[in-house]
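Residues per chain, in single letters:
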Amino acid sequence: MHKKLFVLAVLLLCVGAVSLFAQESIEALGFSLDVVWLFIGAILVFIMQAGFALVETGLTRAKNATNITMKNVMDFCFGAIVYWALGWGFMYGKDALGGLIGTSEFFHSPMEVNMDNGNFFKSWFFQVVFAATAATIVSGAMAERTQFKSYLIYTCFISAFIYPVSGHWAWGGGWLAELGFHDFAGSTVVHSVGGWAAFMGAIVLGPRLGKYIRGADGKVSVKAFPGHNIPYAALGVLLLFFGWFGFNGASTGIATVGEGGIWSGLNIARVSVTTTLAASAGAAAALIFSWIWFKKPDASMTLNGLLAGLVGITAPCAVVSAGASVIIGLIAGVLVVLSVEFIDKILKVDDPVGAVSVHCVCGIFGTLAVGIWANAPEDGLVGLLHGGGAAQLGKQLIGILAVGAWAAIVSFILFMAIKAITGLRVTPKEEMMGLDLSEHKAEAYAGFQIFSNM
């Protein structure tokens, strides 16, 4: 009898040890999968830097190609350093002042590689590429007339402070997160922040020489400066499309066993489908709408329409149906064409690549789309068209206004300060010569006379 009890006890101990080991193995496997998926996603988003560089280069004049390329390389390099030193702490540090700002984890540099520090490493690597995206949006709107040193000052400031503070509100446990504001991957947190900063920068900087010409009758005519390389722009847009699967898809994270909802690893599939459909619908809508309006299928508008669909779906990608994503993309594609024409010809703000229309205007629309088409009752997100009333739409609007006001006001003050202290714009002679020579003494197309300096 005692022998049987002893054998039973040993068996029970063995089963308990195996169960404990299995549970620890599952947790370790889950952590490893999380690291790998976020690492892949971060690399995909990093590739978007190349996409932005090609889009901006292709949609502007050849004499500024080196300058634009340099800005897109260095805004990431400087931005990564200041985001590690300061930005991460402001965004994900210990909450202070009622959810307004983080106040810890500056210069975070753990030496041990354990579970807690592993969480920091994987999260920081994923988040730094988002910070770089917010910063590089401004480059296109201020292209062809900005001093290189002044741009670097700005890009450090947005990566270290402007983006992290509003990011803390929504993603770092701040007051917008507590309110119930939802921005899954950054229509407002990333794209509108960059878009508002780009808008303020373009206003303070002023238009390119010869862009707006006042005639003898007092009327102002608007001169188009066609991009010098549409294939570059198209390749850049396709790289951005490719990178967006990391931007949206990797924001799902990896769920624990049995966990569901929008944060489930299984939701990667839905996010990828809605992202694809919205982008495709945006391009199609911009193509058809520009074809009707301008009598020709406009290449640059079509490319921006694809980006508009991507920006528009970034906030709601995890909480809307495939059908809703097509509608969101179609609206964004038309909206970007209208916005580009309005900003350029009515407001007379010179945005060479349409960055404000794509990222700010469509970012606002995408954030509102959550409150209209969301259908994720398991996560408490039900939009107006699915019987959820206007409550979520109101929360989205509060977030849009708060983040927009923050980004616009602080960016405007920053650009005015740079303008007063170091100067923001190159001289007219340098602008006519082109920034490749005046700022870098290096032509992008040395030995080829393929453009006019006029």
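**Quick look at the overall build of the chain**
Here is step 1: Looking only at helices and strands, the chain features 14 helices and six strands.
Here is step 2: The proportion of buried residues among the 454 residues of the chain is 52%.
Here is step 3: Entry remark: accessible area of the chain is about 19300 Å², with carbon and sulfur atoms responsible for 73%.

**Thoughts on helix H6 (residues 187–205)**
Here is step 1: Its 19 residues place the ends of H6 25 Å apart at the C-alpha level, agreeing with the 27 Å of an ideal helix rising 1.5 Å per residue.
Here is step 2: Of all 19 residues making up H6, 17 are buried, and the element is well covered by its neighbours.
Here is step 3: In the stretch just after H6, Gly 206 is the one whose phi turns positive, near 90°.

**A word on the packing of aromatic side chains**
Here is step 1: Going through the model one piece at a time under the given rule, you end up with 24 aromatic pairs.
Here is step 2: Ring geometry for Phe 289 against Trp 293: centres 5.7 Å apart, planes inclined by 70°, an arrangement best described as edge-to-face. Taken together, the residues Phe 289 and Trp 293, both in helix H8 (residues 267–294) and four residues apart, mark about one turn of the helix.
Here is step 3: Here the aromatic residues Phe 90, Phe 106, Phe 157, Phe 161, Trp 169, Trp 175 and Trp 406 are joined through ring pairs into a cluster of three or more.
Here is step 4: Positioned over the ring face of Phe 225 is Arg 61, at 4.3 Å from the centre of the ring.
Here is step 5: In this arrangement the basic side chain of Lys 71 is found over the ring face of Tyr 151, its NZ or CZ atom lying 5.1 Å from the centre.

**Regarding the packing of helix H4 (residues 148–171) against helix H12 (residues 391–421)**
Here is step 1: Orientation of H4 relative to H12, taken along the N-to-C sense of each, is 160°, at an axis distance of 11 Å. Judged by the angle between their axes, H4 and H12 are roughly antiparallel. Considering the relative orientation of H4 and H12, their crossing is right-handed. The segment H4 lies against H12, with Ser 150, Ile 153, Tyr 154, Phe 157, Phe 161, Ile 162, Val 165, Ser 166 and Trp 169 engaging Ala 402, Val 403, Trp 406, Ala 407, Val 410, Ser 411, Leu 414, Phe 415 and Ile 418.

**Structural notes on helix H11 (residues 355–373)**
Here is step 1: For H11, built from 19 residues, the straight-helix expectation of 27 Å at 1.5 Å per residue is met to within 8% by its first-to-last C-alpha distance of 25 Å.
Here is step 2: The largest bend along H11 measures about 30° and falls at Cys 362.

**Some remarks on a nonpolar patch on the surface**
Here is step 1: On the surface, a nonpolar cluster with roughly 450 Å² of combined accessible area is contributed by Ile 81, Trp 84, Leu 86, Phe 106 and Phe 107.
Here is step 2: A relative accessible area of 33% places Leu 86 in the partly exposed class.

**Brief notes about the nonpolar core**
Here is step 1: Counting residues in hydrophobic clusters, the biggest one holds 110 residues, and the most contacted among them are Tyr 154 and Tyr 163.
Here is step 2: Take this core: its biggest share by element is 13 residues, from helix H3 (residues 115–141).
Here is step 3: Apart from the residues within four sequence positions on either side, Tyr 163 is in contact with Tyr 83, Met 91, Gln 127, Phe 130, Ala 131, Ala 134, Ile 158, Trp 171, Val 189, Val 190 and Val 193.

**Quick look at the side chain of Ser 251**
Here is step 1: By the element assignment, Ser 251 lies in the loop between helix H7 (230–249) and H8.
Here is step 2: Owing to a relative accessible area of 13%, Ser 251 belongs among the buried residues under this scheme.
Here is step 3: At 2.8 Å, the side chain of Ser 251 and the backbone oxygen of Phe 247 are in polar contact.

**As for the side chain of Thr 146**
Here is step 1: Among the secondary structure elements, Thr 146 is positioned in the loop between H3 and H4.
Here is step 2: When sequence neighbours within four positions are dropped, the list of residues in contact with Thr 146 reads Tyr 151, Leu 205, Leu 424, Val 426, Leu 435 and Glu 439.

Quick notes on the rules
Residues numbered from 1 in each chain as written. Predicted model: local features only at pLDDT ≥ 70, side-chain atom pairs only at ≥ 80, totals over all residues. Heavy atoms only, no water. Helix = DSSP H or I, 4+ residues; strand = E, 2+ residues; numbered from the N terminus. Buried < 20%, exposed > 50% of the residue type's maximum accessible area, 1.4 Å probe, protein only. Areas by Shrake-Rupley, 256 points an atom, 1.4 Å probe, with all protein chains shown as cover. Expected span 1.5 Å × (residues − 1). Phe/Tyr/Trp six-rings, centres within 6.5 Å; stacked < 30°, edge-to-face > 60°. Lys NZ or Arg CZ within 6 Å of the ring centre and 35° of its normal. Axes fitted to C-alpha atoms, helices over the stretch in contact; angles between N-to-C directions. Parallel < 35°, antiparallel > 145°, perpendicular 65-115°, else oblique. Left-handed = near helix turned anticlockwise from the far one by under 90°. Contact = heavy atoms within 4.5 Å. Bend = angle between axes of the 7 residues up to and from the residue. Patch = residues over 30% accessible without salt bridge, like charges linked within 9 Å, V, L, I, M, F, W, Y side chains within 5 Å. Salt bridge = Lys/Arg side-chain N within 4 Å of Asp/Glu carboxyl O. Core = buried A, V, L, I, M, F, W, Y, C linked by side-chain atoms within 4.5 Å. Polar contact = N/O pair within 3.5 Å; in protein donor to acceptor, adjacent residues only side chain to side chain.

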